[in-house]
Amino acid sequence: AGSAGPLVSALVDRVATDGRQSRDAPALRRYVVLLSDPGRRRVLDHDLCVGLPQQATMRDLTELVQKRQVEVSKVSPPPTQEQPKPRAVQFAPESPKLPAAHSPTAQASGSGALLDALSKGDVRRANGLLRQGALQTGRAMDRHGHTIFWQVIAREMPELALIMLQQFPPQVPNGIDICEVHASRGDSLLHLLCGSQRFDARSAELFKNLLAGMPQKMRVHLNKNGQTFLHTAAARLNSWILVQTLSRDCSLVGLCSQCDASGWTPLNLLAGHLRERTRMP
C-alpha cells in the first residue's frame with residue numbers, strides 16, 4: 001500500500017482544494033470530518049502511508065467551514081411554516097415526454113424499436129423514441145434479462161441514460177432498478193459505468209446521479225472478483241471517480257485500501273497501471 005500513498009495524498013489535497021475554492025460548505029465539512037476521525041486517519045496514515053494535513057491546517061479548515069455556514073445563514077431566506085420536501089436524488093433537467101399508448105402491444109413494440117436502435121448504435125433514433133414515450137417502465141428488459149437502462153450504459157450512451165433517469169427515477173414504482181447486478185459477473189451499475197472506455201462530461205453527470213441514488217449496500221458491492229467499482233475505475237486510470245467518490249461520501253475511504261480476490265487494492269491497481277504507462281521502475 002505504500003506505493004499508493006503519494007496517489008492518495010494527491011487525492012486528499014485535491015479534495016481540500018476543491019472544498020476551499022467552492023462555496024459548498026457541506027462538501028468541505030465532510031472533508032474535515034473525514035480527516036478528524038481517528039479511525040479514518042489511522043487507515044490513511046498507517047495503512048496507506050498518506051501525508052495528512054497538520055493540526056494547524058485542520059483548524060484553519062474548521063474555521064473556514066464555520067465561516068461558510070455563517071455566510072449561508074445570512075443570505076438564506078427566513079424559513080416558512082411549511083417547507084417543500086427535497087427530492088432524494090437530483091437528476092438531469094427534465095426532458096419533454098409526449099403521451100404514448102399504454103397497451104401491452106404498444107409497450108412491447110416501443111421496447112423492441114428502442115432495442116433495435118441501440119443494437120445499431122443509432123443514438124439519435126433512440127433519443128427520439130425515449131422522448132416520444134416509447135417506454136412505460138424503467139425496468140423493461142431485453143431477451144437476455146438485462147434492462148434497457150443497463151444496455152444503454154453498456155453501449156456507452158450516457159445521454160440516453162440521463163433521459164431514462166429523468167423519466168423513470170429509481171424511487172418511483174416503475175423506475176429503473178438502481179440495484180441491478182450482472183447475473184454472472186456480479187457487476188453493479190457503478191461497475192458498468194466505471195468500466196467505460198469513453199468517460200466524458202455526460203458520463204460524469206451520470207456517475208454523480210447514480211452514486212447519489214445508490215443505497216450504501218450497492219456503493220460497497222463486490223463483483224465476482226471481489227472488486228468494488230473503485231477497482232474498475234482504477235483499472236481505467238479514472239482518478240476523477242476516486243476524487244468524486246471521496247468528496248461525496250467520505251465513509252467510502254476504506255474502499256481505497258480494500259483488496260480484491262487477487263490481493264489488489266484500487267490504489268495499487270492505479271499505481272501499477274501508471275507505472276506501466278510511464279514505464280517507471
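Everything quoted here is computed from the prediction, not taken from an experiment.

A. Quick peek at the overall build of the protein chain. Scanning the protein chain from N- to C-terminus turns up 14 helices and zero strands. Tracing the protein chain from N to C terminus, the helices and strands come up as α-α-α-α-α-α-α-α-α-α-α-α-α-α. Counting every position in the protein chain, which comprises 281 residues, the buried fraction comes to 45%. Expressed as a percentage of contacts within the protein chain between residues at least 6 apart in sequence, the contacts between residues at least 24 apart total 72%. With an accessible surface of roughly 14,800 Å², the protein chain has 53% of that area assigned to carbon and sulfur atoms.

B. Expanded view of the environment of T265. Structurally, T265 is set in the loop between α13 (239-248) and α14 (266-278). Under the relative-accessibility criterion, T265 is labelled buried at 6%. Taking the C-alpha atoms as reference points, T265 and H231, separated by 34 residues in sequence, lie 6.9 Å from one another. Among residues more than four places away in sequence, those in contact with T265 are H231, C256, S257, Q258 and C259. Of the polar contacts made by the side chain of T265, one reaches the backbone nitrogen of N268; its length is 3.0 Å.

C. Structural view of the nonpolar core. Among the nonpolar cores identified, the biggest contains 49 residues, and F149, I153, L210 and F229 are the most heavily contacted of them. Counting residues per element, this core draws most heavily on helix α8 (residues 158-167), at six residues. If sequence neighbours within four positions are ignored, F229 has contacts with L190, H191, C194, F207, L211, R219, I241, T245 and L255.

D. Representation of the confidence of the model for the protein chain within the structure. Put simply, the protein chain has an average pLDDT of 80, and 66% of its residues get 70 or more. For residues 83-106, every residue scores under 50 in pLDDT, and the model assigns this stretch 39 contacts once sequence neighbours within four places are set aside.

E. How the structure looks around the pattern of salt bridges. Taken as a whole, this structure holds six salt bridges when the rule is applied. Across the pair D116 and K120 runs a salt bridge whose closest N-O atoms are separated by 3.3 Å. For R185, the salt bridge is made with D187, and the minimal N-O distance between the two is 2.8 Å. Each of the salt bridges in this network shares a partner with another, and the network as a whole consists of D116, K120 and R125.

F. Highlighting the packing of helix α6 (residues 123-131) against α8. Where α6 contacts α8, the two axes come as close as 10 Å, and the packing angle between them is 5°. By the angle between their directions, the pair α6 and α8 is classed as roughly parallel. Mapping the contact onto sequence places V123, A126, N127, L130 and R131 in α6 and E159, L160, I163, M164 and Q167 in α8. Its residues assigned to classes, the contact of α6 with α8 comprises six nonpolar, two polar and two charged.

G. The arrangement of the side chain of T147 in detail. Within the element layout of this structure, T147 appears in the loop between α6 and α7 (148-154). Since its relative accessible area comes to 3%, T147 is described here as buried. A polar atom in the side chain of T147 sits 3.0 Å from the backbone nitrogen of W150. Excluding its chain neighbours within four sequence positions, the residues that come into contact with T147 are R139, A140, M141 and E180.

H. The arrangement of helix α10 (residues 201-213) in detail. In this model α10 runs 19 Å from its N-terminal to its C-terminal C-alpha over 13 residues, within 8% of the 18 Å that 1.5 Å per residue would give. Every buried residue of α10 is listed here: S203, A204, L206, F207, N209, L210, L211 and G213. In this fold, the buried residues of α10 make contact with α7, α8, α9 (189-194), α11 (216-219), α12 (229-235) and α13. Backbone nitrogen of R202 and a side-chain oxygen of the N-cap are separated by 3.2 Å at the start of α10; the cap is D200.

I. Main features of the environment of A271. Tracing the backbone through its elements, the reader meets A271 in helix α14. Residue classification places A271 among the buried positions, given a relative accessible area of 6%. Considered as a pair, A271 and L237 are 34 residues apart in the sequence and their alpha carbons are 8.9 Å apart.

J. View of unusual backbone geometry. Phi angles above zero are rare outside glycine, and E156 is one such case at about 55°. E156 gets classed as partly exposed once you look at its relative accessible area, which sits at 21%. Here the phi dihedral of L237 falls at roughly 60°; this positive angle occurs in a residue that is not glycine. Relative to the helices and strands, L237 resides in the loop between α12 and α13. Given the relative accessible area of 23%, L237 is considered partly exposed.

What counts as what
- Just so you know, the residues in each chain are numbered from 1, in the order the chain's sequence is written.
- Predicted model: local features are reported for residues with pLDDT of at least 70 only, side-chain atom pairs are reported and counted for 80 or more only, and whole-chain, interface and lining totals are derived from all residues.
- Side-chain metrics rest on all non-hydrogen atoms present in the structure, leaving aside hydrogens and water.
- Think of it this way: any DSSP run of H or I at least four residues long counts as a helix, any run of E at least two long counts as a strand, and we number them from the N terminus.
- The buried label applies to any residue whose accessible area, calculated with a 1.4 Å probe on protein chains only, is under 20% of its type's maximum; exposed applies above 50%, and partly exposed to all values in between.
- Contacts are assigned to residue pairs that have any heavy atoms within 4.5 Å of one another.
- Throughout, the Shrake-Rupley method with a 1.4 Å probe supplies accessible areas, and for residues the shown protein chains are the sole cover considered.
- Residues adjacent in sequence count toward polar contacts only when both atoms are side-chain atoms; beyond that, a polar contact is any pair of N or O atoms within 3.5 Å, and within protein one must be able to donate a hydrogen and the other to accept it.
- Only buried residues count toward a nonpolar core. Its members are Ala, Val, Leu, Ile, Met, Phe, Trp, Tyr and Cys residues joined through side-chain atoms within 4.5 Å.
- Along the chain, pLDDT gives the predictor's confidence residue by residue, from 0 to 100.
- By salt bridge we mean one thing: a side-chain nitrogen of Lys or Arg within 4 Å of a carboxyl oxygen of Asp or Glu.
- What counts as an axis is a line fitted to C-alpha atoms, over the stretch in contact for a helix, and the angles between N-to-C directions run from 0 to 180 degrees.
- Geometric relationships in this document are graded by angle, where less than 35 degrees denotes roughly parallel, more than 145 denotes roughly antiparallel, 65 to 115 denotes roughly perpendicular, and other angles denote oblique.
- Only Asp, Glu, Lys and Arg are considered charged in this grouping, and only Ala, Val, Leu, Ile, Met, Phe, Trp, Tyr, Cys and Pro are considered nonpolar; every other residue, Gly among them, is considered polar.
- Here, expected helix span is obtained from the residue count minus one, scaled by 1.5 Å.

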